[in-house]
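Okay, here's what each chain looks like letter by letter:
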Amino acid sequence: MADQSHDDPNAPDIAATAGQGQVEKFQDPGLPPHRPRRADKDSRAAKRAERQVAILFAISMIGTLLFFVGYFAIPLPTAISTLRLQNLLLGMGTAFAMLGIGVGIVHWAKTLMPDHEVAEERHEVRTEEDRRDAEQIMGQVLDESGIKRRPLIRNTLIAAGALAILPAIGIFRDLSKNLDPKVLGQTLWKEGTRLARDPEGTPIKASDVTFGAIFHVVPEGLNELSVGRLVEKAKSVVLLVRLDPADLHPSPGREDWAYNGIVAYSKICTHVGCPVALYEQHTHHLLCPCHQSTFDVTHQCEVIFGPAFRPLPQLPITVNSEGYLVARSDFHEPVGPSFWERALLESGG
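Definitions and limits used
- Residues numbered from 1 in each chain as written.
- Predicted model: local features only at pLDDT ≥ 70, side-chain atom pairs only at ≥ 80, totals over all residues.
- Heavy atoms only, no water.
- Helix = DSSP H or I, 4+ residues; strand = E, 2+ residues; numbered from the N terminus.
- Buried < 20%, exposed > 50% of the residue type's maximum accessible area, 1.4 Å probe, protein only.
- Patch = residues over 30% accessible without salt bridge, like charges linked within 9 Å, V, L, I, M, F, W, Y side chains within 5 Å.
- Areas by Shrake-Rupley, 256 points an atom, 1.4 Å probe, with all protein chains shown as cover.
- Salt bridge = Lys/Arg side-chain N within 4 Å of Asp/Glu carboxyl O.
- Pairing = 2+ DSSP bridges.
- Axes fitted to C-alpha atoms, helices over the stretch in contact; angles between N-to-C directions.
- Disulfide = S-S within 2.5 Å.

The omega angle of the peptide bond from Asp 198 to Pro 199 is 10°, so this bond is cis rather than trans. Secondary-structure assignment places Pro 199 in the loop between β1 (195-197) and β2 (214-219). Its identity is not glycine, yet His 284 carries a phi of approximately 60°, on the positive side. With respect to the helices and strands, the residue His 284 is situated in the loop between β5 (278-280) and β6 (285-287). Judged by relative accessible area, His 284 falls into the buried class, the value being 17%.

Structure, rendered in structure tokens:
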């Protein structure tokens, strides 16, 4: 069929269509008009916003002081209720200290600092000129922020910032080498101490431990402690598991650390001290829920996966004349994660 487009009077003009298809260059519309804020027009509103920023910085200071109360005024927790109160004060203090500064700075910028939009062409980078420009910009920022003209905001910000870093100093103070590292390497376990269920505190007989079962264990008598019970429990808590004795692979010198396939290992992960509480019965693996470190019970809880570096310490156990499971001794190595003087403890220094 012949092309009839040239004879059709209604056919579109190709040249016109091509001209319409050309991209036109739009002019820069410029920046939108600036809308002044209430604080820009009303000095009383500006003064009110300044007081609000200062109050937020004061809230930050109160939060820091609240942290100090929880950290220094409350003694080392000996009960769950005291521990909860301390954690509440520490958490709320830190939250208010950081939130007060953050919200205060944002409110300051939103209400008092200039909010004009500025556009400028890019220029070539020249070192000396950039230095001068940077100095000029910094001076302009200080002027526009009003920090020189608003001493109330400046002084409360300085005070809040200075106080906010003090909790970190207090925490790092506790890393002092003046602390006796041997405290971290001694637990309540000793020869003849019966293994007891956690939290009931009832002793465990070997006949109570069935294959595949897992017991959370503490030293008998732990619940009767009036001082330092939580600290001692954090170091002494143990997991008790029973396997087929043929599945165990003890190293030389550890052949008598288990009893009829019953083994006991520290519950405290050697990575950062989380409780290792998940047991896979079919694979005989212990799993730390915090960072997924995995320990093989059949090979003395050696690490087979995850960030933990050392196996879980094993507690040597046996049975007494009444059939109760008892400890042969304390752990032969410090429990928990590594710390700066572990080598001293392991060497007996």
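Okay, a nonpolar patch on the surface next. Taken together, the side chains of Ile 55, Ile 59, Leu 85, Leu 88, Met 92 and Phe 96 make up a nonpolar region of the molecular surface, amounting to roughly 510 Å² of accessible area. Of all the secondary structure elements, the ones that give two or more residues to the nonpolar patch are α3 (43-73) and α4 (80-111). Broken down by element, the nonpolar patch gets its largest block of residues, four residues, from α4. Along the chain, Ile 59 falls in helix α3.

Right, let's talk about the sheet that holds strand β4 (residues 262-266) for a bit. Sheet strands line up and pair through hydrogen bonds in the backbone, either parallel or antiparallel. Read from one edge to the other, the open sheet built from four strands follows the order β1-β2-β3-β4, with strand pairing classed as antiparallel. Two strands close off the open sheet at either side, each with one partner strand: β1 and β4. For this sheet, the mean inter-axis angle between neighbouring strands, taken without regard to orientation, is 45°. Where strand β3 (residues 238-242) lies against β4, five bridges are found, and the strand directions are antiparallel. From the neighbouring strand, Arg 242 faces β4, where its bridge partner is Ile 262.

Strand order in this open sheet of four strands is β5-β6-β7-β8, and the pairing throughout is antiparallel. Lying at the two open borders of the sheet, with one neighbouring strand each, are β5 and β8 (302-305). With strand direction ignored, the average angle separating the axes of adjacent strands in the sheet is 35°. Pairing between β5 and β6: three bridges, direction antiparallel. Residue pairing in the sheet places Glu 280 in a bridge with His 285 of β6.

By the definition in use, this model includes one disulfide. In this model Cys 274 forms its disulfide with Cys 290; the gap between the sulfur atoms is 2.3 Å. Around the S-S axis, the bridge from Cys 274 to Cys 290 shows a dihedral of about -105° and counts as left-handed. Taken together, the positions of Cys 274 in the loop between β4 and β5 and Cys 290 in the loop between β6 and β7 (294-296) put the pair 16 residues apart, joining distant regions of the chain. For Cys 290, a relative accessible area of 36% translates into the label partly exposed. No disulfide involves Cys 269; its nearest neighbouring cysteine sulfur is the one of Cys 288, lying 3.9 Å away. Cys 269 sits in the buried class, given a relative accessible area of 1%.

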